[in-house]
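# Coordinate inspection notes
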Amino acid sequence: MPKTLVIVESPAKAKTIGKYLGKGYVVESSIGHIRDLPRSASEIPERYKGEAWARLGINVEEDFRPLYIVAPEKRSQVAKLKSLVKDADLVVLATDDDREGESIAWHLLQELKPKVPVKRMVFHEITKEAIASAIQHPRNIDENLVEAQEARRALDRLYGYEVSPVLWKKVAPKLSAGRVQSVATRMLVERERERMRFVSGSWWDIEGRFQVAEGEGFPATLIELDGKKLAQGKDFDPASGQLKKSADVWQLSEQQARELAESLAGQPFRVLSAEEKPFTQRPYAPFITSTLQQEGGRKLGMNASRTMRAAQKLYEGGYITYMRTDSTTLSKEAMDAARSQVRAMYGEQYLHPTPRTYEKKSKNAQEAHEAIRPAGSSFRTPESLRGEISGDEWRVYDLIWKRTVASQMADARGRRLQVRLGGRAQDGRDTVFAASGKAIDFPGFLRAYVEGSDDPEAALEDREVLLPALKSGDGVTARDLKPLGHATQPPARFTEASLVQALEGAGIGRPSTYASILGTIQDRGYAVKRGQALVPTWTAFATSALLEHHFGRLVDYDFTARMEEDLDDIAGGRQKRAPYLRGFYLGEQEGLGLKNLVETRLEAIDPREIATIEVPKLAGSGIEVRVGRYGPYLTRGEARANLPEELTPDELTAEKAEELLGRPSGERPLGNDPETGLPVIARAGRFGPYVQLGEGNTPVKTSSLLPGDDLNTLSLERALELLTLPRFVGTLEGEEVWAHNGRYGPYLKRGSDSRSLNNHEELFSVTHEQAEQLFAQPRVFGRRGAASGPLKRFEFSDRTTIDLKSGRFGPYLTDGTVNATLRKDEGGENLTPDEARSILEERGKEPKSKAGKTARGGKASAAKGGKAAKTTTKKTGTAETAKPARKPAAGAAKIKKGKKAPAKVTPSWDALRRHVGVLSETERRLVIAVRDEGHKVDEIAPVLGLEVNKAKGMLLQIGRKLNQAARAGA
DNA sequence: CAGTGAGCGAGCTTCCGCTTGACTT
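Definitions and cut-offs
Residues numbered from 1 in each chain as written. Chains lettered and ligands numbered in written order. Predicted model: local features only at pLDDT ≥ 70, side-chain atom pairs only at ≥ 80, totals over all residues. Heavy atoms only, no water. UniProt positions renumbered as here; feature names shortened; annotations may be inferred. Helix = DSSP H or I, 4+ residues; strand = E, 2+ residues; numbered from the N terminus. Buried < 20%, exposed > 50% of the residue type's maximum accessible area, 1.4 Å probe, protein only. Contact = heavy atoms within 4.5 Å. Areas by Shrake-Rupley, 256 points an atom, 1.4 Å probe, with all protein chains shown as cover. Polar contact = N/O pair within 3.5 Å; in protein donor to acceptor, adjacent residues only side chain to side chain. Expected span 1.5 Å × (residues − 1). Arc of directions from axis to C-beta. Phe/Tyr/Trp six-rings, centres within 6.5 Å; stacked < 30°, edge-to-face > 60°. Lys NZ or Arg CZ within 6 Å of the ring centre and 35° of its normal. pLDDT = per-residue confidence, 0-100. Domains from an automatic or database assignment. Buried area = accessible area lost by both parts, 1.4 Å probe. Salt bridge = Lys/Arg side-chain N within 4 Å of Asp/Glu carboxyl O. Nonpolar A, V, L, I, M, F, W, Y, C, P; charged D, E, K, R; others polar.

As named in an unreviewed UniProt entry, chain A is DNA topoisomerase 1, taken from Deinococcus peraridilitoris. Recorded under Subunit (unreviewed entry), the UniProt text for chain A is reproduced unchanged: "Monomer." UniProt annotates chain A under Catalytic activity (unreviewed entry) with the comment "ATP-independent breakage of single-stranded DNA, followed by passage and rejoining."

Right under this line is the structure:
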């Protein structure tokens, strides 16, 4: 009997289809994509590791050829598929009918290499008829569609893996940029910027209760005074909180409103007009992924990933159709099921006369699946599932069931009522009050589903605002005329649901990724949740500003939309993948694309400037917000203060900033020193937590906390103990010995000589005798004296000895010339000589510092710079720009190509001086004075108005900055 | 964002879209 292997994407789908197809068919799943570009260095096959493009996984030099690998976690499934292919007579690739699905089919073909005939089939619904029909109408793989997918994949990789490193260098390590996440982040940032610019405006009006004869009262609001309208929120300018110039309206103060209310008390009112307008309301389309997530949030209070988790379970249990879809289409079986259920449960009059269909919702919908709906040809009611499923799953099913059924129900019908009441105040002023009502005559679909509410019956009542029957000229009595204050509100922050909605509206992201986008921007520290709201962090502000200013095109809201147009061209055969990517990455003519942009921006972007965030409300105060290594902080001149985590960007006002600067943050008073009476304060500083004796920023003494101490629980006693450091231990050979806590841990110091201590507590306990013994021994550098010698030694007859050593970054191998750090899985203990040899020979590298020393001796970098500068004839301009910063880098790049992987070079001062542009004015003057003019720091610092110690610290920072700038340029 | 003492093997981080368990807390 012939056997056909059908491969789909999802195991749950395989199970269902297997049932429909029966004998002669084996249905198995690929579990999504089986191959992809390598994620990181560890996934790059050895033979490609040396290639310049391997980091990207795309050979940008040869037609952007992608390097595909089977991800480790997919290997077993691929092996399983391979063995099934061997037993089959026919292979049918039945992955989804969209760009990604086509690509999966193609990858399956490439990787499984079946020796039997292969067909491609597609279907959009999992029903017996649809499957049977699909299998009768196979087609071929659409190569153009596969190309479009590859183009999409490559573009995302190039974008993500080229732009993220710019952020690492200019903002903070481990940040990320991408076509989707960077736009999502920008949306949050721009909304928050609006909130930060926003100034609230306020106004007053009057709300009264009115009554006809003995009937029920109803509320109405003052809208007009002496023929002129009263202000509403829309009349205010959000930037100033004042009325817009164009608004010809009253803005009542509290006092005015109160006086008017008193003057109106007891006055007769009359109905000026009473209008009634009928309305109808149509049900919402059946769920797609984004709307399910939105309603899961609004009605059930579940976030996107929790909603999706429940939906996944329902799908696997066969309760609902596929939950990652962008199509609102119901299959015929679903339509019939929904309609017969409406008839049975609500009666014929609640059924829409004809089957309802809905327009596709999102721009780039690919509609490979049905809408999300209860599975099967007759829907099980939520009630009938009570014993079977529970919790989130039941609630999500209930939601899906209601929405699906409602989508085939009749329109709701009702009337909107508008009433105007007129009355004259005792002081002669004329007023108009307005009341509106809503009556629902026929609820239609609202019986089953009210958007945003969990309980349609209760919500229906809320929707009705009843007014008594009123007609023009009727007299009404006013009572309870209350002045009421109002204030304009800033635009609301995004929630998970509204951000997904906004992204979908712009065609950004796919149903399978909405939930993970939210995860990504939170994991990267771009946003935090406050209740339902997503609040962008200061890091998001810095990142977004960098991208907007330097990579503006990439974070345009319609970048994705334009990409989709191009991909459509590729899918349609009108454009090819390689030229498209060449245009994006290299430019129309080389040099205008992303690659060049990144290279030039790495030099141009001043990290200090990027770290400084514009806050409109701080303009003119001299206060700046910066994002530093230790989080966001405020600065004004010398003063600094941490920004508390719980303070959202829009809450930072000039007053708040003053308050924070006036009270250095992170400090905790512990009490007073009994000896001196001075306060003892625990603080968080640049180098970690420390305690200080004395007030404010001029402490008498400071001491770092030791490992094991906690800033939050530190006692006064311990603080006083820490403040005894450095401790006098005794005198040896006429020199004083002190116990210090330093950068590299605890140590003893005698004159210019020192010895490390093993343990921080020894600082307090080490005796004169122990000190004597230590100084009698030679100095041992390294980690607690443990490993200056090798842990293990491998001898070879045909090569030099290899040592296993322990270092700062863990165990490593070295033969004196090259070194190789061991990876996690390479156990140091059980390492055999052969393994050691192969690791060192494959990965061994010359240490950086050695290369640096030789380079400095040979003036290599200076020579390179000089040579390249001569070849530069194009650049003109001021004296400063005549020393081009960029061209030497280009020269270095060329050398790189010729010489394989040159070691990094420690730049000479000549090379570094080119980058003084990254420094502040003071820093520049300081470093020039010291390095060019040969002044001593101690002498020049006072001249520049700096404390000597401060200047020394500054020089360290300057060195770091210049080196970084030089590296970025090279 | 305090102020001090030395001298040492780096290498990795990251994208978007398809899909599920297998892990650990």
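Scanning chain A for helices and strands turns up 32 helices and 33 strands. Of all 970 residues assigned to chain A, the portion counted as buried reaches 46%. Sequence separation of at least 24 residues holds for 65% of the intrachain contacts in chain A that already meet a minimum separation of 6. For chain A, the accessible area works out to roughly 50,300 Å², and carbon and sulfur atoms hold 49% of it.

This part covers the UniProt feature "active site" (unreviewed entry) in chain A. Following the UniProt record, one finds the feature "active site" (unreviewed entry) at Tyr322. For Tyr322, the position within the fold is in the loop between helix H9 (304-316) and helix H10 (332-346). In this view, Tyr322 contacts Tyr315, His369 and Ile372; residues no more than four positions away in its chain are not counted. Engagement of the side chain of Tyr322 in a polar contact is seen with the side chain of Arg324, the distance being 3.2 Å.

The next thing to look at is H9. Compared with the 18 Å implied by 1.5 Å per residue over 13 residues, the 18 Å span of H9 between its first and last C-alpha is a close match. Every buried residue of H9 is accounted for by Ala304, Thr307, Met308, Ala310, Ala311, Leu314 and Tyr315. Viewed end-on, H9 has its buried residues packed into an arc of 160°, placing them on one side of the element. As for H9, its buried residues are in contact with helix H1 (11-21), helix H8 (289-300), helix H11 (391-406), helix H13 (496-505) and helix H14 (514-523). Looking one or two residues past H9, Gly318 carries a phi angle of roughly 80°, positive in sign.

Next up on the list: the packing of aromatic side chains. On inspection of all chains with the given rule, the structure shows 18 aromatic pairs. Pairing Tyr284 with Tyr449 gives two aromatic rings, centres 6.0 Å apart and planes at 70°, and the pair type is edge-to-face. With Tyr284 in the loop between strand S12 (268-281) and H8 and Tyr449 in the loop between strand S14 (430-442) and helix H12 (456-463), this residue pair connects regions lying 165 residues apart in the sequence. Above the plane of the ring of Tyr449 lies Lys299, whose end atom (NZ or CZ) is 3.3 Å from the centre. When the ring centre of Trp394 is taken as origin, the NZ or CZ atom of Arg386, which lies over that ring, is 4.0 Å away.

Looking now at H13. Residues Glu496, Ala497, Leu499, Val500, Leu503 and Glu504 constitute the buried set of H13. One face of H13 carries all of its buried residues, which in axial projection span an arc of 165°. Elements in contact with the buried residues of H13: helix H6 (181-197), H8, H9, H14, strand S16 (527-530) and strand S17 (533-536). Of the residues trailing H13, Gly507 is marked for its positive phi of about 75°.

Within the element layout of this structure, Glu111 appears in helix H3 (residues 99-112). Owing to a relative accessible area of 15%, Glu111 belongs among the buried residues under this scheme. In contact with Glu111, not counting residues within four places along its chain, are Ile34, Arg35, Val70, Val78 and Lys82.

Turning to the confidence of the model for chain A, a few remarks are in order. Looking at chain A, pLDDT values average 85 and 84% of them are 70 or higher. Counted against residues more than four places away or in other chains, residues 850-906, with its pLDDT under 50, gives 34 contacts.

To continue, consider the side chain of Lys13. Examined against the element boundaries, Lys13 turns out to sit in helix H1. Of the residues examined, Lys13 reaches a relative accessible area of 6% and is grouped as buried. Within the structure, Lys13 has its side chain in polar contact with the side chain of Asp96 (distance 2.8 Å).

Attention shifts here to the domain arrangement of chain A. Looking at the assigned domains, one finds that chain A contains domain 1 (4-141), domain 2 (151-198 + 492-609), domain 3 (202-282 + 414-487), domain 4 (289-410), domain 5 (667-722) and domain 6 (909-968). Distance between the C-alpha centres of domain 2 and domain 4: 33 Å. Counting residues at the interface gives 17 residues for domain 2, matched by 17 residues for domain 4. Of all residues in domain 2, Glu504, Arg510 and Pro511 bury the most surface against domain 4, accounting for 34% of the area lost on that side. Seen at the junction of domain 2 and domain 4, the total is one salt bridge. The closest approach of N and O atoms between Asp326 and Arg510, which form a salt bridge, is 3.1 Å. Where domain 2 packs against domain 4, one counts three residue pairs in polar contact (both at pLDDT 80 or more). Those elements giving two or more residues to the side of domain 2 that touches domain 4 turn out to be H13 and H14. No other element matches H13, which puts six residues into the side of domain 2 that touches domain 4. Residues of the side of domain 2 that touches domain 4, tallied by class, amount to seven nonpolar, five polar and five charged.

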